[in-house]
Amino acid sequence: MSRSAFALLVLLAASSAAFADDAPARFAGASVDLAEILGSPADPDAIDDLPDPPVLRAQNGTLDATLTARPSWVRVAGKRFRSNVYNGLYIPPTLVLSRGDTLKLTLNNEIGPADIEMKKSFRTNMHYHGTDVTPKSPGDDVFLKVKAGTSFDYVVPFPKDHPEGLHWYHPHAHGVVERQILSGMSGMLIVDGYIEAHYPELADLRRRVMVFKDITLPGESKTTLTLNSYREPPIKARPLEWQVWQIGNLGANSFVQLALEGHEFWTFERDGNVLPKPQLQDFLYLAPGARVTVAVKAGKAGTYRLKSLKVDTGPTGLPAPEVSLGNLVVSGDPKPESGIRKRLTEGAENAASIFPRARDYRDLPITRERVFEFSDAPDFSAFYINGVTFDPNVVNTTTRVGDVEKWTLRNLAGELHVFHLHQTSFLVLDKGVGKQEDATGLRDVITLPYALDGKPGEVTVIIPFTNPVMVGQFVYHCHIVGHEDAGMMQSIRVLPRRTAAEDAWRMFGRLLGSDEPPPWWPARAQRAARLPEADELSAALRGEICVSSDPDDERAEASLWMSGRGPVAPAN
């Protein structure tokens, strides 16, 4: 071999090693394709059928996983570039576990300069969207900051009665949420078992995990909507074949209104809640963050267009035109069904064991009512809830385990907003004001209709703060995460249930006509209870019943009921 040829070989080997360091080698089970990294002449989008994301599944009650956020070479919608993603994958692993399992997830923050969104290192963290788990560290703590170059070990127990269905994971470091999700840092999380338990005839069907994400590709200004990282991929089925599609809009800001030419969707799970009776739908409306499980029956042989219909986002909203997302390619021998339609028309098996159900929430006695108004700055530089932007040092709303609240959500803006509350689902009541294309029932994201002719859009929800696992501090916000980053978020603190001693003291005080707080309360809590403010309901409506977010005060707050005497005074 000549000296020049040898030198060229060494140079190519060194280059390959450098590129391989950015490839998805950190993801267990993934191999490094040097032809892909160095640029293969083959068309990487020439796939025969839509591939599912990789899967990490719990074993023996524990899901052990490692996700490393770092700049990696990815190919999205036919373009190859560097972006900060998990484990080198634009569509990272789907995390699958069951009720009672524990998620142990190591998050490594190696975020750095890339071709899109992030040009330097940033802090990050992880949020387990839609899950009914603890908001306290090392659980679903969105106030936690994992600094660049560091790691954090999350331990998230899922209760044995946790709702089953589709959830997802994504960063929630305030101020940089949008750019991290737009980079590709989001994936599906499934609490499994709901199909086998309630729709057993569907258990052996082909299941597809379908992830929609929005992205601004390098060199482009418009948003591109992709399906499992592809632009208009084929989705194969046999004539008359039933498939189960587990669908999530796991992007940052875009709305998806999914329609399949010549076909209908049977929806039997939405936002991590199983439906006792499936709904037959012509299209699926998915606000940012929404998920849905559907059964689809393929028609006759042919090709059918999968598209997102145009969404009216309001006079000041970003355009959401109709776009093609894929093609259902039906061919081969017909596949006859066996009891599937009968199950779907009759409803869920063991429906009484579905938890929670909408009717369980609808009949709960309401503890208090609150009103929240969502609005935009005239130049869209800031977004507000009740006229203020997010302050991490303020707890805007305080409630207690066992309380059930009715929240009226008013949208004063000329664009859609999307309400999301952490740690629990809520019941969206049938009544809504304005153009509302979203679904009612049990949800964890809901679209707020835009204001029209000076009249705000409005949605009313019932929120059951009844699960002790949610004790702690978390947030509610607009899930158009660009709005969240610009201020449309607030903190809520859920205090433990009142003790029997506190209830007895309260009853004794009422008999004597006294509002004195219990003598065993901390001095700080006693001072707050004696403030001559308004009654509990009006103070709650004004958001004045709140406590400091200082974790050092946690123990003192644990014995404080909402006295109705106004805000907790800061400690001297």
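Note on numbering: residues in each chain are counted from 1, in written sequence order. Local features in a predicted model are, by the rule used here, given only for residues with pLDDT of at least 70; side-chain atom pairs are given and counted only at 80 or more, and totals for whole chains, interfaces and linings are based on all residues. The side-chain numbers reported here are obtained from all heavy atoms of the structure, hydrogens and water having been left aside.

A. Expanded view of the nonpolar core. Only buried Ala, Val, Leu, Ile, Met, Phe, Trp, Tyr and Cys residues count toward a nonpolar core, and they belong to the same one when joined by side-chain atoms within 4.5 Å. Type-normalised accessible area, obtained with a 1.4 Å probe on protein chains alone, sets the label of each residue: buried when under 20%, exposed when over 50%, and partly exposed for intermediate values. Formed by 61 residues in total, the largest nonpolar core has its most connected members in W245, I247, W407 and F419. Discounting chain neighbours no more than four positions away, the residues touching F419 are F374, W407, L409, F426, D444, V445, I446, L448, Y476 and H477. Counting residues in hydrophobic clusters, the runner-up holds 38 residues, among them A252, W266, F268 and V481. Any pair of residues with heavy atoms lying within 4.5 Å of one another is described as a contacting pair.

B. Main features of the environment of M185. Here M185 lies in the loop between α3 (177–183) and β9 (187–191). You can call M185 buried: its relative accessible area is 0%. Between the alpha carbons of M185 and S83 there is a distance of 9.5 Å; along the sequence they are 102 residues apart. Once residues lying within four places of it in the same chain are set aside, the contact partners of M185 are A69, N84, V85, Y86, I111, M118, T124, Y169, H170, P171 and Q180. Secondary structure elements are defined from DSSP: runs of H or I of at least 4 residues count as helices, runs of E of at least 2 residues count as strands, and each element is numbered from the N terminus.

C. Quick look at the packing of aromatic side chains. Ring pairs shown here join Phe, Tyr and Trp side chains whose ring centres sit within 6.5 Å, with only the six-membered ring taken for Trp; geometry is labelled stacked below 30 degrees between planes, edge-to-face above 60, and tilted in between. Under the criterion given, the structure shown has 15 aromatic pairs. Each ring, one from F255 and one from Y285, has its centre 6.2 Å from the other, and the planes form 35 degrees; the classification is tilted. Remark: Y285 occurs in strand β17 (residues 283–286) and F255 occurs in the loop between β13 (242–249) and β14 (256–260); sequence separation between them is 30 residues. Across the pair, exposure class does not vary: F255 and Y285 are buried alike. Aromatic pair W407 and Y476: ring centres 5.2 Å apart, planes at 70 degrees, arrangement edge-to-face. With a gap of 69 residues between them, W407 in strand β24 (residues 403–411) and Y476 in strand β30 (residues 472–478) connect regions that are remote in the sequence. For the pair shown, W407 and Y476 are each scored as buried.

D. Main features of the sheet that holds strand β15 (residues 265–270). A pair of strands counts as paired when DSSP detects no fewer than two bridges linking them. If you trace the six strands from one edge of the open sheet to the other, you get β11-β10-β13-β18-β15-β16, paired in mixed fashion. Strands with a single pairing partner mark the edges of an open sheet, and in this sheet they are β11 (224–227) and β16 (273–281). Here the average twist between neighbouring strands, direction ignored, is 25 degrees. Here strand β10 (residues 206–215) pairs with β11 via four bridges, running antiparallel. By the bridge assignment for β11, K213 is matched with T226. The axes used here are C-alpha line fits, helices contributing only the stretch in contact, and every angle between their N-to-C directions lies in the interval 0 to 180 degrees.

E. The pairing of strand β31 (residues 489–495), seen in detail. With seven of seven residues buried, β31 is to be regarded as a mostly interior element. The pairing of β30 with β31 spans six bridges and is antiparallel. Paired with V475 across the two strands is S491, which belongs to β31.

F. Geometry of empty space enclosed by the protein. Grid spacing is 1 Å over the protein atoms alone, the probe is 1.4 Å, and a cavity is where that probe fits but cannot get out, while a pocket is an open set with protein on both sides within 12 Å along at least five of seven lines and lining residues have an atom within 4 Å of a point. Grid points are joined across faces, edges and corners, and a volume is the space filled by probe spheres set on the points. The full count for this structure, using the stated rule, is four cavities of 30 Å³ or more. For the second largest cavity, the full set of lining residues is R99, P163, E164, H198, N273, V274, I354, F355 and P356. Under the scheme applied here, ten amino acids are nonpolar (Ala, Val, Leu, Ile, Met, Phe, Trp, Tyr, Cys and Pro), four are charged (Asp, Glu, Lys and Arg), and all others, including Gly, are polar. A per-class count over the lining of the second largest cavity returns five nonpolar, two polar and two charged.

G. Region of the structure containing the sheet that holds strand β27 (residues 441–443). Taken together, six strands build an open sheet; the order of strands is β22-β21-β24-β29-β26-β27 and the sheet is mixed. Looking at which strands have only one partner, the edges of the open sheet turn out to be β22 (383–385) and β27. For this sheet, the mean angle separating the axes of adjacent strands, direction not counted, is 30 degrees. Bridging between strand β26 (residues 426–433) and β27 involves three bridges; their strand directions are antiparallel.

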